[in-house]
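Examining the three-dimensional arrangement
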Amino acid sequence: MTKKKDFEAVVFGAGPGGRGAAKRLVKAGLSTAMVEQELVGGECPFWACIPTKALLRPAELLGETRHTPGIDEATHRWPEIRDYRDYMNSGLDDTKKAESFEKQGIEIVRGHARITGPGAVEANGRELSAKHIVLATGTTAAIPPIDGIDDVEYWTNREATTLTEIPKSAIVLGGGPVGVELGQMLARYGAKVTIVESAPRLLVRESASVGDQLGELLREQDDIDLWLGDKATKVERDGDGVTVTLDGGDRISAERLVVAVGRKPRTDDIGLDTVGIEPGDKGIEVDAFCRAAEGVWAVGDVTGIAPFTHVAGYQARIACADILDDDRRPADYKAVPRVVFSDPEVAAVGLTPEQAAHTDMRTATATVDLSEVDRTETYGKGLAGHLGVLADTDRQVLVGAWAIGPLTSEVIHSLVVAINAQVPLAILRDTMPQFPTFSEAIQTAVEQL
């Protein structure tokens, strides 16, 4: 082991949470090391957010041509799309990202890091000390304990977003955001796709109306087969492909198997026990200031609070403010936006009606079909979708909202602000939206309330 080196802060992980924290700490004058055992930048720029959106945008355009009068249905050129994906994920080369952080004064340490005691870290054979340790180790794809799955080749999000050729067919295990995005992407590029989801609908954590409508649209528009309320019990090789047996006895086969049933926190072998941290199934428990133990903070997906890049960045701000004792404030998660970049897009914030039903809150909901919004017909023919809002009737403020339709990833941010700032319904009702826009549905829904 090399000679001990002292830092004021050591950050585990160079993903959105880790790099956000490291940049803030070094800017504040703290000597900072950031340890990364894979690519500097984390999951998002190389295997998740960025490559998926680069692959989904052409697929979205293919769908838009079907709805736009006077436009011939488009075709795609996969090699060019693949090349653009490789440009967007930097060809899985993190050299420039690492150099950028080093120019800011952050020392990059490559390799596995482990806490060896309070304020002590071992990383790639180096001994580091730090008054402040920030854990941003993220998550990995969860692999379900299905009989035979270890004996077959399968894709996680990493293989699916770095694929070189489109398979003829694919079975996607999981109907959550990742399964929906990857399934529709493969379908629009020519694969015959089947999605298997053990819950009775897609996107089970969102409003039932959203999951139900998205399922109908995937069947109708993309010819995707949905097996809902079914669970895979066995996986077998089938020539060059795979066969999946469901709990009802049905068997389905495809060239590729994509596993998208969720994520698990990276908490193994990072020395949590040496500082008194006992991680749970969802990750490292933190308080409102992202503290995990004395001198230790955790941010991002490893906390299990919300698996989004923007939440990781937000938590980095909360943790650094606490470390620096500058503008300290507790984290507030009541208005976290959630978007599925399918076509149509799905966006939500706050509580769903199903979640609100388990509280003591008195609520009311209102839903507006996109057919009631003039922007819809100007945007294309045969578009389907809706926007819903959930209000606390005693306080007269919104506590939840959801939408499915074009551009909902942009529309949702007005509702994020409304919920975060607790804007009174009367003000939302009397705020003028631009005509014609999909945002008009917000005012119409509030008027219904």
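Analysis parameters
Residues numbered from 1 in each chain as written. Predicted model: local features only at pLDDT ≥ 70, side-chain atom pairs only at ≥ 80, totals over all residues. Heavy atoms only, no water. Axes fitted to C-alpha atoms, helices over the stretch in contact; angles between N-to-C directions. Helix = DSSP H or I, 4+ residues; strand = E, 2+ residues; numbered from the N terminus. Parallel < 35°, antiparallel > 145°, perpendicular 65-115°, else oblique. Left-handed = near helix turned anticlockwise from the far one by under 90°. Contact = heavy atoms within 4.5 Å. Nonpolar A, V, L, I, M, F, W, Y, C, P; charged D, E, K, R; others polar. Pairing = 2+ DSSP bridges. Patch = residues over 30% accessible without salt bridge, like charges linked within 9 Å, V, L, I, M, F, W, Y side chains within 5 Å. Areas by Shrake-Rupley, 256 points an atom, 1.4 Å probe, with all protein chains shown as cover. Salt bridge = Lys/Arg side-chain N within 4 Å of Asp/Glu carboxyl O. Lys, Arg positive; Asp, Glu negative; His and termini not counted. Charge placed at Lys NZ, Arg CZ, Asp CG, Glu CD. Buried < 20%, exposed > 50% of the residue type's maximum accessible area, 1.4 Å probe, protein only. Core = buried A, V, L, I, M, F, W, Y, C linked by side-chain atoms within 4.5 Å.

1. Let's talk about the packing of helix H3 (residues 49-67) against helix H7 (residues 177-188)
- The N-to-C vectors of H3 and H7 enclose an angle of 55°; their axes lie 9 Å apart at closest approach. The angle between H3 and H7 falls in the class oblique. Helix-helix and strand crossings are classified by hand; for H3 and H7 the assignment is left-handed. Here Thr 52, Lys 53, Leu 55, Leu 56, Ala 59, Glu 60, Leu 62, Gly 63 and Arg 66 of H3 come into contact with H7, specifically with Glu 181, Leu 182, Met 185 and Arg 188.
- Here the contact of H3 with H7 is built from residues that sort into six nonpolar, two polar and five charged.

2. Focus on the sheet that holds strand S22 (residues 397-405)
- Read from one edge to the other, the open sheet built from five strands follows the order S18-S19-S22-S21-S20, with strand pairing classed as antiparallel. Because the sheet does not close on itself, it has two edges, and the strands there are strand S18 (337-340) and strand S20 (363-369). Put simply, the sheet's adjacent strands are angled 10° from each other on average, direction ignored.
- In the sheet, S20 pairs with strand S21 (residues 386-392) via seven bridges, with the strands oriented antiparallel. Bridge assignment links Thr 363 to a residue of S21, and that residue is Asp 392.

3. Quick notes on a positive patch on the surface
- A cluster of basic residues, Lys 23, Arg 24, Lys 27 and Arg 317, forms a positive patch at the surface.
- Ranked by the residues each element gives to the positive patch, the list is headed by helix H1 (residues 16-27), at three residues.

4. So, unusual backbone geometry
- Looking along the chain, the bond that leaves Asp 343 and enters Pro 344 is cis, with omega of 5°.
- Within the secondary structure layout, Pro 344 lies in the loop between S18 and strand S19 (345-350).
- Between Phe 435 and Pro 436 the backbone carries a cis peptide bond, its omega angle lying at -10°.
- Within the fold, Pro 436 resides in the loop between helix H13 (425-429) and helix H14 (440-448).
- Phi at Asp 223 takes a positive value of approximately 55°, unusual for a residue other than glycine.
- Relative to the elements of secondary structure, Asp 223 occurs in the loop between helix H8 (208-222) and strand S10 (225-228).
- The phi dihedral of Gln 422 falls on the positive side, at around 55°, and the residue is not glycine.
- Residue placement: Gln 422 occurs in the loop between helix H12 (408-420) and H13.
- A residue is classified by how much of its surface remains accessible, and Gln 422, at 23% relative accessible area, is partly exposed.

5. Overview of H14
- Turning to H14, its buried residues are Glu 440, Ala 441, Ile 442, Gln 443, Ala 445 and Val 446.
- Of the surrounding elements, those touching the buried residues of H14 are S20, S21, H12 and H13.

6. Quick look at the environment of Pro 344
- On the accessibility criterion, Pro 344 (7% relative accessible area) is buried.
- Note: C-alpha distance between Pro 344 and Leu 407 (63 residues apart in sequence) is 8.0 Å.
- Setting aside its immediate chain neighbours within four residues, Pro 344 contacts Leu 214, Leu 217, Gln 221, Ala 384, Ile 404, Gly 405 and Pro 406.

7. A word on the sheet that holds strand S9 (residues 192-197)
- Here we have four strands laid out as an open sheet, ordered S10-S9-S8-S14, and parallel in their pairing. If you trace the sheet from one side to the other, it starts and ends with S10 and strand S14 (256-259), each paired once. Averaged over neighbouring strand pairs, the angle between their axes works out to 15° when direction is ignored.
- Here S9 runs beside S10; their pairing, made up of four bridges, is parallel. Looking across to S10, one finds that Ile 195 is bridged to Leu 226.
- This element, H7, spans strand S8 (169-173), S9 and S14 of the sheet and lies at about 165° to S9.

8. What about the nonpolar core?
- Counting residues in hydrophobic clusters, the biggest one holds 39 residues, and the most contacted among them are Leu 186, Tyr 189, Val 193, Ile 195, Leu 202, Leu 203 and Leu 214.
- Mapped onto this core, the elements with two or more residues apiece are H3, helix H4 (78-88), S8, H7, S9, H8, S19 and S22.
- Not counting the four nearest positions on each side in its chain, Leu 202 is found in contact with Gly 175, Val 180, Ile 195, Gly 211, Leu 214, Gly 215, Leu 218, Leu 226 and Leu 228.
- Counting residues in each nonpolar core, the second largest holds 27 residues, with Val 349, Leu 415, Ile 419 and Val 446 among its members.

9. Brief notes about the side chain of Ser 409
- Here Ser 409 shows up in helix H12.
- On the basis of relative accessible area, Ser 409 is assigned to the buried category, the value being 9%.
- Dropping the residues within four chain positions of it, Ser 409 is found in contact with Val 339, Phe 341, Glu 345 and Ala 347.

10. A closer look at the packing of H3 against H4
- Running from amino to carboxyl end, H3 crosses H4 at an angle of 150°, the nearest separation of the two axes being 9 Å. The orientation of H3 with respect to H4, classified from their angle, is roughly antiparallel. As H3 packs across H4, the resulting crossing turns out to be right-handed. Contacts between H3 and H4 pair Ile 50, Pro 51, Ala 54, Leu 55 and Pro 58 from the former with Trp 78, Ile 81, Tyr 84, Arg 85 and Met 88 from the latter.
- Residues that form the contact of H3 with H4 fall into these classes: nine nonpolar, no polar and one charged.

11. Brief notes about the pattern of salt bridges
- This structure, assessed with the given rule, holds 32 salt bridges.
- Between Arg 251 and Glu 236 there is a salt bridge, with its nearest N and O atoms 2.9 Å apart. You can see Arg 251 sitting in strand S13 (residues 251-254) and its partner Glu 236 sitting in strand S11 (residues 232-238), a full 15 residues away along the chain.
- According to the relative accessible area criterion, Arg 251 is exposed, its value standing at 52%.
- By relative accessible area, Glu 236 is classed as partly exposed at 26%.
- Here the salt bridges do not stand alone but share partners, grouping Glu 38, Glu 43, Arg 158, Arg 263 and Arg 266 into one network.

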